Amino acid sequence: MQDTKAAEGGEADPGFRRDDSQVEAPRYSLVIDRQRHLKWRWLDPLEQALMVMCGIALAGFSTTVFFDVATRSLHHPVLWVQEVTTTFFVYGIFIGTAAATRRNDHLYLSAIGEALTGWPRLFVETFTRLVVLGAGLCMVVFGYINFRQGFNAFRMPSLTPLASLYAPIPLSGALVVLFMIEQLVNGWRNGFAGSDAATPEEILEAERIRALT
C-alpha cells in the first residue's frame, strides 16, 4: 500500500529509482564498434571523415556519370565531365581502401584466423596484417614516385597534371600503414580474439572456411 501511495503521490520507491546520469545516450556515428579492442578511439574521427568522403566520392561519381550520359544523348557532350568522373572514381577507391582497412572490411583471410585459437590464430592474424602493411608501404613509396612524375604529364582537355590523380595513392597507403600498426599493437596487447561477439556474417563465413578445410 505504501508503494502504491508513493507512486500515486509522484514519489518513486528508492529501490527502483533510476540513475539517469548512468544511462548512456545513443551514439549515432559511422564508426563501427566491431573489434573495438583493436582500435584506438582517437582515430575514430578519422574513420568518420573517411566514410563521409567515401559517400561524397560515390555521389559525385554517380552524378557526373549520369550527367555525361545525358549530355551525350542530347548530342551536346561536355568533355571536362569525364575528368571529374575519373577524379571521383580514383579518389573514392583509395579513400575506400583506407576506410575498409580501419573497419576490417577489406579482403584478407580474417575468417581463417577467427576459426583458430591460441598461437595459430596469433600467427595468422599477424601474418595477414603484415602483408597488408607491406602493401601499404608499397603504396606510399611507389605512389609518391608516380605523384612526382605526374607533374610531367597532363590530362586533357583541362591540362591538369596527372599528379592530381596520383595524390591519393601515397596518402591512402600511409593511412593503411597507420591502421595496420594500430591493429597489430592492440592485437598483441589485448589479443586478436577480444571479447566482441561475432556477427552472423562472420559466423557463417567461419563455418564455410571450416567446411572447405
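All of these numbers come straight from a predicted model, not from anything done at the bench.

So, how was this worked out
- Residues numbered from 1 in each chain as written.
- Predicted model: local features only at pLDDT ≥ 70, side-chain atom pairs only at ≥ 80, totals over all residues.
- Heavy atoms only, no water.
- Helix = DSSP H or I, 4+ residues; strand = E, 2+ residues; numbered from the N terminus.
- Buried < 20%, exposed > 50% of the residue type's maximum accessible area, 1.4 Å probe, protein only.
- Contact = heavy atoms within 4.5 Å.
- Polar contact = N/O pair within 3.5 Å; in protein donor to acceptor, adjacent residues only side chain to side chain.
- Axes fitted to C-alpha atoms, helices over the stretch in contact; angles between N-to-C directions.
- Parallel < 35°, antiparallel > 145°, perpendicular 65-115°, else oblique.
- Nonpolar A, V, L, I, M, F, W, Y, C, P; charged D, E, K, R; others polar.
- Salt bridge = Lys/Arg side-chain N within 4 Å of Asp/Glu carboxyl O.
- Phe/Tyr/Trp six-rings, centres within 6.5 Å; stacked < 30°, edge-to-face > 60°.

The next point concerns the environment of G191. With respect to the helices and strands, the residue G191 is situated in the loop between α7 (168-190) and α8 (200-212). Assessed through its relative accessible area of 25%, G191 is described here as partly exposed. The sequence separation of G191 and R121 amounts to 70 residues, and the corresponding C-alpha distance is 9.6 Å. Dropping the residues within four chain positions of it, G191 is found in contact with H37, L38 and N186.

Bringing the side chain of T64 into the picture now. Looking at where T64 falls in the secondary structure, it is placed in helix α2 (residues 44-73). A polar contact is formed between the side chain of T64 and the backbone oxygen of F61, at a distance of 3.0 Å. Residue contacts for T64: discarding those within four places in its chain leaves V81, V84, T85 and F88.

A few words now on the environment of L30. Mapped onto the fold, L30 is located in the loop between α1 (2-8) and α2. Residues L30 and M51, 21 residues apart in the sequence, show an inter-C-alpha distance of 6.9 Å. If sequence neighbours within four positions are ignored, L30 has contacts with E47, Q48, M51, V52 and R103.

Attention now moves to the packing of helix α3 (residues 80-103) against α7. Close contact between α3 and α7 brings their axes to 8 Å; oriented N to C, the two are set at 5°. Classed by the angle they form, the pair α3 and α7 counts as roughly parallel. Along the contact surface, α3 presents V90, Y91, F94, T97, A98, T101 and R102, while α7 presents P168, I169, S172, L175, V176, F179, M180, E182 and Q183. Tallied by class, residues from the contact of α3 with α7 come to 10 nonpolar, 4 polar and 2 charged.

What the rule picks out here adds up to 9 salt bridges. Across the salt bridge formed by R102 and D44, the nearest N and O atoms sit 3.1 Å from each other. Placement of the pair is R102 in helix α3 and D44 in helix α2, with a sequence separation of 58 residues. Take R102 and D44: they sit in the same class, and that class is buried. D68 is the salt-bridge partner of R72, the closest N and O atoms lying 3.1 Å from each other. You can see R72 and its partner D68 sitting in helix α2, 4 residues apart, about one turn around the helix. Given a relative accessible area of 37%, R72 falls into the partly exposed group. Given a relative accessible area of 12%, D68 falls into the buried group. Overlapping salt bridges, with partners in common, bring together R36, D44, E47, R102, R103 and E182 in one network.

What follows deals with the packing of aromatic side chains. Counting across every chain of the model gives 5 aromatic pairs. Each ring, one from W40 and one from W42, has its centre 5.8 Å from the other, and the planes form 15°; the classification is stacked. Arranged with centres 6.1 Å apart and planes meeting at 15°, the rings of F123 and F127 form a pair that is stacked. Taken as a pair, F123 and F127 lie in helix α5 (residues 118-149) at a separation of 4 residues, close to a single helical turn. With relative accessibility at 60%, the residue F123 sits in the exposed group. Feature note: the residues Y144, F147 and F151 constitute an aromatic cluster, connected by ring pairs.

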